[in-house]
Amino acid sequence: MINGAHVIIYSRDPEADRAFFRDTLGHQHVDAGHGWLIFRLPPAELALHPTDGEPAHELFLMCDDVEATMAELAAKGVEFTIPVTEERWGLRTALRLPGGGELGLYEPRHPVTI
């Protein structure tokens, strides 16, 4: 039986991104050896969307109040790459990871499984 999922984010600066998840976001973690940190993520859900282009994957962190979460993270120096936009499914933004990548953040306005 499947009992979890393992998400991989490829980074140009994995040490900085690991520090971000550890220190800025405060996610619990274990050291899998040689400094390879594995982070505990909050409960998750999976959606499957249609595409006419190449299949792709996205990772969004979810929150109850996107404005409050943005304020808390901005106070820790987090840069947001897009303003909050209202979609039919919720309020969304994106934040910059220290390694250069982006991570979605949204406040769902749809029923959630968690």
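(A) Focus on the sheet that holds strand β5 (residues 90-96). Spatial ordering of the open sheet is given by β3-β6-β5-β4, a layout of four strands whose pairing is mixed. Among the strands making up the open sheet, the edge pair consists of β3 (60-62) and β4 (80-87). Ignoring strand direction, the axes of neighbouring strands in this sheet form an average angle of 20°. Packing of helix α2 (residues 66-74) onto the sheet brings it into contact with β4, β5 and β6 (102-108), and relative to β4 it is tilted by some 175°.

(B) Looking closely at the environment of R22. As for its placement among the helices and strands, R22 is situated in helix α1 (residues 14-24). Overall, R22 belongs to the partly exposed group, its relative accessible area being 34%.

(C) Fine view of the packing of aromatic side chains. This structure, assessed with the given rule, holds five aromatic pairs. Summarising the aromatic geometry, the rings of F20 and F21 are spaced 5.9 Å apart at their centres and angled 80° between planes, so their arrangement reads as edge-to-face. Assessed through its relative accessible area of 9%, F21 is described here as buried. The ring of W36 has R18 sitting right over it, with the charged end atom 4.5 Å from the ring centre.

(D) The arrangement of a nonpolar patch on the surface in detail. Together, V7, I9 and L41 make up an exposed nonpolar region whose accessible area comes to about 220 Å². You can see I9 is positioned in the segment before α1. Residue I9 is classed as partly exposed on the basis of its relative accessible area of 37%.

(E) Structural detail: the nonpolar core. In this structure, F80, L95 and L105 are the most contacted members of the largest nonpolar core, which totals 16 residues. At the level of secondary structure, the elements contributing two or more residues to this core comprise α1, β2 (37-39), α2, β5 and β6. It is α2 that provides the largest number of residues to this core, a total of three residues. Leaving out residues up to four positions away in the same chain, L95 has contacts with F20, L73, V78, E79, F80, T81, G101, E102 and L103.

Cut-off values and rules
Residues numbered from 1 in each chain as written. Predicted model: local features only at pLDDT ≥ 70, side-chain atom pairs only at ≥ 80, totals over all residues. Heavy atoms only, no water. Pairing = 2+ DSSP bridges. Helix = DSSP H or I, 4+ residues; strand = E, 2+ residues; numbered from the N terminus. Axes fitted to C-alpha atoms, helices over the stretch in contact; angles between N-to-C directions. Contact = heavy atoms within 4.5 Å. Buried < 20%, exposed > 50% of the residue type's maximum accessible area, 1.4 Å probe, protein only. Phe/Tyr/Trp six-rings, centres within 6.5 Å; stacked < 30°, edge-to-face > 60°. Lys NZ or Arg CZ within 6 Å of the ring centre and 35° of its normal. Patch = residues over 30% accessible without salt bridge, like charges linked within 9 Å, V, L, I, M, F, W, Y side chains within 5 Å. Areas by Shrake-Rupley, 256 points an atom, 1.4 Å probe, with all protein chains shown as cover. Salt bridge = Lys/Arg side-chain N within 4 Å of Asp/Glu carboxyl O. Core = buried A, V, L, I, M, F, W, Y, C linked by side-chain atoms within 4.5 Å.

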